[in-house]
Amino acid sequence: TGVWNHSSCTNNRASGDGGGVYVDMLDFSVHDTCFTGNSALGDGGGFLCTSALARTSCYVSNATLTQNTASKGGAGKFLSSSGVVRDGTCHDNLA
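Throughout what follows, the structure given in this document is the object of discussion.

So, how was this worked out
- Residues numbered from 1 in each chain as written.
- Predicted model: local features only at pLDDT ≥ 70, side-chain atom pairs only at ≥ 80, totals over all residues.
- Heavy atoms only, no water.
- Pairing = 2+ DSSP bridges.
- Helix = DSSP H or I, 4+ residues; strand = E, 2+ residues; numbered from the N terminus.
- Axes fitted to C-alpha atoms, helices over the stretch in contact; angles between N-to-C directions.
- Polar contact = N/O pair within 3.5 Å; in protein donor to acceptor, adjacent residues only side chain to side chain.
- Contact = heavy atoms within 4.5 Å.
- Core = buried A, V, L, I, M, F, W, Y, C linked by side-chain atoms within 4.5 Å.
- Buried < 20%, exposed > 50% of the residue type's maximum accessible area, 1.4 Å probe, protein only.
- Phe/Tyr/Trp six-rings, centres within 6.5 Å; stacked < 30°, edge-to-face > 60°.

**A few points about the sheet that holds strand β12 (residues 77-79)**
Read from one edge to the other, the open sheet built from 3 strands follows the order β4-β8-β12, with strand pairing classed as parallel. Bordering the open sheet on either side are β4 (21-24) and β12, each of which pairs with just one other strand. The mean angle between the axes of side-by-side strands here comes to 10°, regardless of whether they run parallel or antiparallel. Relative to β12, strand β8 (residues 47-50) runs parallel, the two sharing 3 bridges. Each residue of the ladder has a partner; that of Leu48, found in β12, is Lys77.

**Description of the side chain of Thr50**
Inspection of the secondary structure assignment puts Thr50 in strand β8. From its side chain, Thr50 meets the backbone oxygen of Leu79 in a polar contact 3.0 Å long. For Thr50, the residues in contact, after removing those within four places along its chain, are Tyr22, Val23, Asp24, Met25, Thr56, Leu79 and Ser81.

**Thoughts on the nonpolar core**
Within the largest apolar cluster, 13 residues are counted, with the highest numbers of intra-cluster contacts made by Val21, Phe28, Phe35, Phe47, Val60 and Leu65. Going through the elements one at a time, β4, β5 (28-31), β8 and β9 (57-61) are the ones with two or more residues in this core. Once you skip the residues sitting within four places of it in the chain, Phe35 turns out to touch Trp4, Cys9, Val21, Val30, Gly46, Phe47, Thr64, Leu65, Thr66 and Asn68.

**With respect to the packing of aromatic side chains**
Think of a pair of aromatic rings as described by two things: how far the centres are apart, and how the planes are tilted against each other in angle. All chains considered together, the criterion is met by 4 aromatic pairs. Both rings, one in Phe47 and one in Phe78, keep their centres 5.5 Å apart while their planes meet at 55°; by these two values the pair is tilted. Taken together, the residues Phe47 in strand β8 and Phe78 in strand β12 connect sequence positions 31 residues apart. Residue Phe47 is classed as buried on the basis of its relative accessible area of 6%. Assessed through its relative accessible area of 25%, Phe78 is described here as partly exposed. Members of the aromatic cluster, connected to one another through ring pairs, are Trp4, Phe28, Phe35, Phe47 and Phe78.

Spelled out as structure tokens, the structure:
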């Protein structure tokens, strides 16, 4: 299990998936965090939560996702995992 609180993730680049954060096969919670200006050539500019086993979950609360870009899922993407985004701000993202 991973937890990320009161943080920022800014101006990161990925040649594949998950420009800001790439989470694979792990339950993950993000609270009060900003994802700004991240980019991925694949999925999930701000973040990507994925699992080949489809048994993981990703919970995002009070997050700000702005100016993130990706081929698919500009702000963020849940791929083969369950996900919840709650009480956040999401604007100016591009996919």
